[in-house]
Structure formats: structure tokens, C-alpha cells
Amino acid sequence: MKITSTSCICPVLVCLCFVQRCYGTAHHSSIKVTRNQTKHIEGETEVHHRPKRGWVWNQFFVLEEHMGPDPQYVGKLHSNSDKGDGSVKYILTGEGAGTIFIIDDTTGDIHSTKSLDREQKTHYVLHAQAIDRRTNKPLEPESEFIIKVQDINDNAPKFTDGPYIVTVPEMSDMGVIRTALHNMDREAREHYSVVIQAKDMAGQVGGLSGSTTVNITLTDVNDNPPRFPQKHYQLYVPESAQVGSAVGKIKANDADTGSNADMTYSIINGDGMGIFSISTDKETREGILSLKKPLNYEKKKSYTLNIEGANTHLDFRFSHLGPFKDATMLKIIVGDVDEPPLFSMPSYVMEVYENAKIGTVVGTVLAQDPDSANSLVRYFINYNAEDDRFFNIDANTGTIKTTKVLDREETPWYNITVTASENDNPDLLSHVTVGIRVLDVNDNPPELAREYDIVVCENSKPGQVIHTISATDKDDFANGPRFNFFLDEHLPVNPNFTLKDNEDNTASILTRRRRFSRTVQDVYYLPIMISDGGIPSLSSSSTLTIRVCACERDGRVRTCHAEAFLSSAGLSTGALIAILLCVLILLAIVVIFITLRRSKKEPLIISEEDVRENVVTYDDEGGGEEDTEAFDITALRNPSAAEELKYRRDIRPEVKLTPRHQTLSTLESIDVQEFIKQRLAEADLDPSVPPYDSLQTYAYEGQRSEAGSISSLDSATTQSDQDYHYLGDWGPEFKKLAELYGEIESERTT
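Residues numbered from 1 in each chain as written. Predicted model: local features only at pLDDT ≥ 70, side-chain atom pairs only at ≥ 80, totals over all residues. Heavy atoms only, no water.

If you look the protein chain up in an unreviewed UniProt entry, it shows as Cadherin 18 from Papio anubis. Under Subcellular location (unreviewed entry), UniProt gives the following word-for-word description of the protein chain: "Cell membrane". (UniProt positions renumbered as here; feature names shortened; annotations may be inferred.)

Written out as C-alpha cells, the structure reads:
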């Protein structure tokens, strides 16, 4: 089979094919080839050749982007078995067969039905076969061939990332894209646009081209110094402006941007350097003018400041364009305002003595109108509704006086606020603090520092210190210590205790005699006097209570209670507790007995059945000493013997009732025995007295015995010459007895 190339191949390819064929013809002309033979070439080794096939084979080429109305002719397949009688049928399979490429099965012509794009697919692989149309048997084996898509210049150059944005520092002289001007100033023009074109085929005619845009931005450098728009500024500031507040702003312009435009402001000269200060606002790049000290229009009406603004980030490459700073002059005009009164001092401290009379002058405050009008000033004290008003102030002069008597011991210091206002403008107020110290006078006498519990041991010796006392004074230190302790000179000398001033604001209590006895006296009182060191000196009296206690030999207190007296009689604490328990038990038994007896008491009702079996008990009691109706107790004062009279009790007396009351003189002359007999007779004859079977008993001991009393109660008062010192040698069992008789002996000697 022979393949015939298309006639519309470009001239270059045609020429190349022609050269190839010519070379091939010349080459084969030198070799004679027969089927299944080997040809020896002169000067060469033997070469084996495969049998000659019926296909004449070449590659096919097809142009891309075919835009004609008819299918594009690609090539022709031809088999040596084809005699032109239509008995050979050509079949085409592979990539694009039947869709992109079609074949005339009779002639073997191949056509492309679609426009191809080499940039999408560069070649197609297909298979061709010639068969017998009648028998459908292959006349030759299937063969493979390639259709290559031939490129044409159908794509122009393209910039994939355009348009481009490029930043170039101003004043630059190097770069891939080079600047055409030497000194490109960002402040004059910041943005540039450059169109770049790319051509293929080395720019020859017929080639394609593409273009893109490069946007170039010049970045900033610090090549411009700051500049104030004006060389002179003027600012108005009222004299009432508060210290620390901002009073104005000033700004220098810088053509640069970002950090290259950063600057700081400073005051470099002027008479207001100590009055004003300037700071820099980093956001707005402005200078903030603030007040350091208060203004006073009456003293100075204007100030002048020289202010400088300088860049903070310098680029030394452009130092020749400097200096990168600028200065201007600012004149500040102080405005006059109506100001409140001004006190002569920021605060006042005054003093006044306590107990001063009401209306005493404490001090004077002074305020003046600072304005040129010099208006009159009025004063008053700020008081809360609940405050006690101890002071008042003269509204015209500012003199402060007391309204109450002051007590330093109660309140040593007062703080008041005085307000001043102008008569012409009462709304303008100023305030000042006045501290008033209350001075001390000696108006409080000294007193004991506390309540003292002073104890003296029974075995104390003369001159022994039993306690130390101190004093205190509510007055100030100057009117308090030093304290003097002494005994009252108008009282007799105390025989038991004395007082010693230690001259260090303390005093000691000392004993005057040996041994004290609780049985004789358990508490002593010592009046003392205390005076302070004030002028004039004040004194007070106090009484010390001194208890007598039993102590050990080393001075430790053993006991001071009543239990010690019982112990001296030989009763221990355990014995006292036992006795107390016994008494409580007896009381409980008596209470139980009385309760049971009362619960068994029957009602006083006499049964009519048997009167003899009932016993009626009358619990009537007399009226006591206040009952004067029964008898006259004054009659017992003259116990004279009386004649005994006896009357029968089993019959009703017939005698008349004798009068019961007699004169006092008669009663005093009657003996008690006679009186009793008379009363007995009256009772027998008186029908109003108790029943006849009652018994009245009158106890009478008789006259006093002439032998006298034989009791031993008075024996302790008799004096004896017995010496009891030997009891101290009998041991600890007789210690208490020795102390008891030792005290008695000491009392006899004193």
C-alpha cells in the first residue's frame, strides 16, 4: 500500500520531503532489492533485509485551526493489491476515527471534519487495513500510522500575571525596569503606568504580540523637612485656665508620609517656658500646648514662646536637603476673667485655750478680690445640718470666735471650712480649710490609774512594801506628770500603813507594824492625796482598800476568804462540805415529813353517827406581840408575889367579871406571881375565854441567882500570863494554833 501526502503541505516540508525522497532514490539505486534475498555491498558486511511489504508508509500532517467550509484533506492510503476495480475496501480505526477523521473506503482518501488545536492535542494514533470487499478477508496485515497536528502562529504572547504593580523608591537609579529620570520625586508624582509588549518570531512580520501594564508607585523617603505654615502665631488663654489643661494646638506640615513625617515639638526659647509646656500627639502630629502654672492677668498679660518641630527619623543620604526642622514664634495673650476671692494663705491653723469664754477670738482669715475691680468680700462657715456649731465668723472682717465652751479632753482639734464670696458676684466662691487646735489648761485633777486590789499578809513586817500605785491625768503632758503622792495632813497618823513617793509618778504602800490578824480586822482603809505638776496644781483624794490575807513564808497569798477563819478553828474544807451536806439532808427530811403530814390531814367534818370517835383539833394561834387584847405585857415588869386563888372548872362561875385593865401604877406594884393568880381567876369567871378544859401556862424562873454566871463565854477576855511561843515548836500540826495565840500575844504587847 502506498500513502500519498497532502498537496497543501507548507513549502518547507515539501522541500524536506523532496530532499528525503531524492536521497532515498539515490540510496536505493545503489541497492537492488529482491524479495527474500541478501545483498552484499562492496566494502561492507552482509546486511539482512525484511521482505518487501505492500504498504508504502509515511506520517500524515494536518494543519490546526482549519476554518474552510469543506473537510480538510489529510492523505491517501493505497495498497499494491488495489487494481482500481473497487474490490479493495479500506478500514480506519483508532483515535478520532469516524468522528474527527473519515476515510473513503474505496479510494483510501482521509479527511479531517473538525478544526484541530495543537495546543490541546499534538497527534493522533490510528490503524489502517485493506480487506477484500467480497470476502471481507484482509489483504494485508493491519498497520499503524500517526497524524500529527501541525502548529500555526495562532497564539499571541501573553503575560500571565498582569497588570503588574511595582514600588520603586524615589530617587532610585537602578532596577530591572530602569527609571528614565534621575530624581523622581514622590511628592511631585507618586504613581506611573508602563505598558510592556512581547512579540514572538523575534519580532518578524507575521508574528504575534502580547502586552501588559505595569503600575509603578514611588515609595517615600525622608527628603522633606517639616515646615510651619506661618512664622508667627497668636493664642488667647483666659487666666481661669486650669493647671495641666490643654490651652492650644500647633502643627508643622511635612510632605513625607508614614514614619518619615514623624516629628517632635519643643519650646526652645521665650519668657513663658516655665508657665507652658508642649507635647506631641503621635496620631495627628500636632503640638499640644498645656499650662504648667496658673495665669494671672493682673500680673502678666502676655507671653512669647519659640516652638520648634523636628523630624525624629532622619535619612543621612538626604542630609544635604536639611536641616529637617523648623521653628515659629507663638504669642500668648492672657485674658482677664472675673475670678473668685483669693485667700492670703492656702490653709490656716489657729489656737485657742479650752474653757475660754464664749465669744473669745480664735483668729482671722483674709481674702481679696484678685481682679482690678477689688470688690468687697464676705465670709461664712460651711456647716452641715447635724454639726455642732462651736465657732462663728464675722461676715465682713473674717474674725472667728467661739460660740461654746471648748473641752480639749473631749475634742482636741476642729476642722472648719471658710467660704469667701464677692459682693458684686456672689456666685464666685473660694474655700479655705481652717484647723483650730484646742490648748490645754489644768482643769482635771490626777486620779489613780486603776482600781487597786491591795493585800497585806498576816505575817508582814514593819516597813515592808506591799504594793505600788500610779496615777493618770486627762490633761496634756504639761499639766499632768509629775505626780506627787502624800497622806492627808489633817488626818491623824495611820498606825498601820504609810505612803512613800517614789518620785517617778509612782508611790509605794508600806506597813508600820508587825503582824495583822483577819480575826481582829480583815480590811483597812488608807486615804491618800495625789497632786499634778500643772500651774496651778490640782490634787485629788482617794481611799485605798487593803485586805488582810494568809500568806506562805515566801509571801505568796494562800487565802483571803472566810474559809480561812473556819480553818483556824481546826475545820478543813472537807469537814465543812460534810456539815453542809448533813444540814441539807436534815432540811430535806423535815420538808418531806411536813408534806406527808399535811397530805394525811382529814377534813374538819363531824359525822352525826358517832360523835365520840371524832377528835376536833383547833390550830388557832395567838396574835403575837402585837395582840394586846389577850393580856397586858407591861404587867410583867413588876413580878410581885400574889395570893393564890383557886376556882372550880366543872361549874359555871357566878362571880362578876372584874375589870381587866388597871392603871400603870397599880401594875408596877403587883408581883408577877400575884398577877398570874389574878389572871387565872379572871379566866375562870370570864365566859368569853376559851373552853373550861383549856390550860394556860405561865413560865416564871424566879429571881436572879446571887451566885452569878458560871458560863465560860467571858473567859476569853481575861488576861493571862501564859506564854504560847512554845506552840511554834510543836510542828506543822499546831501551826494555825501558834499563829492564833501569837496574834493574841502581839495585841497584848501593843
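What follows continues from the structure just given.
**Here we look at the confidence of the model for the protein chain**
Caution is warranted with low-pLDDT regions, since their predicted coordinates should not be read in detail. Residues with a pLDDT of 70 or more make up 72% of the protein chain, whose mean pLDDT is 77. This model gives residues 1–56 a pLDDT under 50, and the stretch forms 57 contacts once residues within four places in sequence are excluded. Contacts for the low-pLDDT stretch residues 606–613, under 50 throughout, to residues beyond four places or in other chains number 4 contacts. (pLDDT = per-residue confidence, 0-100. Contact = heavy atoms within 4.5 Å.)

**As for the pairing of strand β37 (residues 539–551)**
As paired strands, strand β31 (residues 454–457) and β37 are joined by 4 bridges and run parallel to one another. Opposite V456, over in β37, you have V548 as the bridge partner. Pairing of strand β36 (residues 523–531) with β37, which is carried by 9 bridges, proceeds in the antiparallel orientation. The residue of β37 that forms the bridge with I528 is S542. (Pairing = 2+ DSSP bridges. Helix = DSSP H or I, 4+ residues; strand = E, 2+ residues; numbered from the N terminus.)

**Concerning unusual backbone geometry**
The linkage connecting P481 with the following residue, R482, adopts the cis geometry, with an omega of 15°. As for its placement among the helices and strands, R482 is situated in the loop between β32 (465–472) and β33 (484–486). Following I535, the chain continues to P536 via a peptide bond in cis, the omega torsion being -5°. For P536, the location among the structural elements is in the loop between β36 and β37. In this model, N505 sits at a positive phi of 65°, which is unusual for a non-glycine residue. Located in the positive-phi region is R515, a residue other than glycine, with phi close to 60°. Mapping R515 onto the fold places it in the loop between β35 (506–511) and β36.

**What to know about the sheet that holds strand β10 (residues 143–150)**
Taken together, the 4 strands give an open sheet; going across it, the order is β4-β10-β9-β6, and neighbouring strands pair in mixed fashion. Of all strands in the sheet, those bounded by a partner on one side alone are β4 (60–63) and β6 (88–94). Taken over all neighbouring pairs, the strand axes of this sheet differ in orientation by 30° on average, direction set aside. Pairing between β4 and β10: 4 bridges, direction parallel. Each residue of the ladder has a partner; that of F61, found in β10, is K148. (Axes fitted to C-alpha atoms, helices over the stretch in contact; angles between N-to-C directions.)

**Quick look at the packing of aromatic side chains**
Considering all chains together, one arrives at 9 aromatic pairs under this definition. Between the aromatic rings of F101 and Y124, the centroid separation amounts to 5.3 Å while the plane-to-plane angle is 75°, which identifies the pairing as edge-to-face. With F101 in strand β7 (residues 101–103) and Y124 in strand β9 (residues 123–132), this residue pair connects regions lying 23 residues apart in the sequence. Accessibility expressed as a relative area gives 0% for F101, which makes it buried. Judged by its relative accessible area of 8%, Y124 falls in the buried class. Taking 5.7 Å as the distance between ring centres and 75° as the angle between the ring planes, the aromatic pair formed by F276 and Y303 counts as edge-to-face. Residue F276 is located in strand β17 (residues 276–281), and its partner Y303 is located in strand β19 (residues 302–311); the two are separated by 27 residues in the primary sequence. Assigned by exposure class, F276 and Y303 land together as buried. One aromatic cluster is present, built from ring pairs that chain together F390, F391 and Y414. When the ring centre of Y303 is taken as reference, the NZ or CZ atom of K300 above it lies at 5.3 Å. Sitting over the face of the ring of Y297, K301 holds its NZ or CZ atom 4.7 Å from the ring centroid. (Phe/Tyr/Trp six-rings, centres within 6.5 Å; stacked < 30°, edge-to-face > 60°. Buried < 20%, exposed > 50% of the residue type's maximum accessible area, 1.4 Å probe, protein only. Lys NZ or Arg CZ within 6 Å of the ring centre and 35° of its normal.)

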